[in-house]
Amino acid sequence: MRKYYGLLFILIALTLISCGKNEVKQNTQQSSNNSFGWKESISAKDIPDFPLKGMIDGKEIKFEYVNFEFWRGSNDNVFNFSDKSPKNKCGFIENDNAFHLTKLGSEFKTGEFIKESFAMNIEGCTGDFHTTVNENMQKSTPAWNCALVITEKNDDIVTGKIAMCFKDEKKSWIAGTFTAVRCNN
């Protein structure tokens, strides 16, 4: 009889243990798009579904303002992700910390823009960030990767999501969903 109780106890214990493992796997799968960490290679699947977050020069950055600049004469496009807001809708921002994604001579179109690795080069595209300490701005232009998905563009806003990592010493990155003010210059 003791053998049967011992065997029954072992079966129940194994069942409980395996149920817990399945639950952990399900939670991991459900939350896989709710977290982000610096990556050497990136794709659209890596973009998280939370509002924009980031790390810049080893410090967390909280974004207050995102704009999309469309330069009419040159057709240049620039996304600016800043921790400060300008006085006017499309005004100049002083003493901020920010990320920039620029495409010279052509537009970022609705859909995906992918620069999957640091080594990949896309002509006319640059990524950089700057920090400001005591009113002294320092621009950084390390190698970068980027997955950008633009879901809507109109005369007033650009919506989408981004994951962008920089190959700097402190592994700076930006990731999440955004709504950018459109600024026609």
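Keep in mind that this is a model prediction, so the values were computed, not measured.

Rules of the game
- Chains are numbered independently. Their residues run from 1 in the order of the written sequence.
- At least 70 in pLDDT is required for a residue's local features to be given in this predicted model, at least 80 for side-chain atom pairs to be given and counted, and no such filter applies to totals for whole chains, interfaces and linings, which use all residues.
- With hydrogens and water set aside, each side-chain value is computed from the structure's full complement of heavy atoms.
- Note on conventions: DSSP H or I runs of at least 4 residues are helices, E runs of at least 2 residues are strands, and numbering of each starts at the N terminus.
- Throughout this description, buried means an accessible area under 20% of the type-specific maximum (1.4 Å probe, protein chains only), exposed means over 50%, and partly exposed covers the range between.
- Working rule for contacts: check all heavy atoms of both residues, and any pair within 4.5 Å makes them a contact.
- The Shrake-Rupley method, run with a 1.4 Å probe, gives the accessible areas here. Residue values count only the displayed protein chains as cover.
- Residues grouped as a nonpolar core are buried Ala, Val, Leu, Ile, Met, Phe, Trp, Tyr and Cys residues, joined through side-chain atoms within 4.5 Å.
- The disulfide criterion is simple: two cysteine sulfur atoms within 2.5 Å.
- Every residue is assigned a pLDDT by the predictor, reflecting its confidence on a scale from 0 to 100.
- For this document, the term salt bridge refers to a Lys or Arg side-chain nitrogen within 4 Å of an Asp or Glu carboxyl oxygen.

1. A word on the overall build of the protein chain
Helices and strands together make up the secondary structure of the protein chain, namely one helix and 11 strands. Scanning the protein chain from its N terminus toward the C terminus, one meets helices and strands in the order α-β-β-β-β-β-β-β-β-β-β-β. Out of the 185 residues belonging to the protein chain, those deemed buried represent 39%. The contacts of the protein chain with a sequence gap of at least 6 include a subset with a gap of at least 24, amounting to 59%. In the form shown here, the protein chain has an accessible surface area of approximately 11,400 Å², with 51% of it arising from carbon and sulfur atoms.

2. Examining the environment of S172
Structurally, S172 is set in the loop between β10 (157–166) and β11 (173–184). Separated by 115 residues in the primary sequence, S172 and D57 have C-alpha atoms spaced 5.8 Å apart. If we skip the residues at most four places from it in the chain, S172 touches W38, M55, I56, D57, F99, F129, M164, C165 and F166.

3. Examining the nonpolar core
Ranked by size, the top nonpolar core spans 27 residues in total, and within it F79, F81, F99, L101, L148, I162 and F178 carry the most contacts. The set of elements that each furnish at least two residues to this core consists of β3 (65–71), β4 (76–82), β5 (98–103), β7 (125–133), β9 (144–153), β10 and β11. Core analysis: the second largest hydrophobic core is formed by 12 residues, F118, A163, C165 and W173 among them.

4. Remarks on the state of the cysteines
The bond known as a disulfide is covalent and runs between the sulfur atoms of two cysteines. In total, this model carries one disulfide according to the counting rule given. Distance from the sulfur of C146, which forms no disulfide, to the nearest cysteine sulfur (C125) is 8.9 Å.

5. Quick look at the confidence of the model for the protein chain
Chain-level pLDDT for the protein chain is 86 on average; 82% of the residues reach the 70-or-more range. Highest mean pLDDT in the protein chain belongs to β10 (98); lowest belongs to helix α1 (residues 2–30) (45). With pLDDT under 50 throughout, residues 13–32 is counted as low confidence; its partners more than four residues away or in other chains account for zero contacts.

6. Quick look at the pattern of salt bridges
Within the structure shown, the criterion is met by three salt bridges. The salt bridge partner of D49 is K161, with a shortest N-O separation of 3.7 Å. Here D49 is found in the loop between α1 and β1 (53–56), whereas its partner K161 is found in strand β10, with 112 residues between them in sequence. The exposure class of D49 is partly exposed, given its relative accessible area of 44%. The residue E107 makes a salt bridge to K153 at a minimum N-O spacing of 3.0 Å. Taken together, the residues E107 in the loop between β5 and β6 (111–115) and K153 in strand β9 connect sequence positions 46 residues apart. Residue K153 is classed as partly exposed on the basis of its relative accessible area of 22%.

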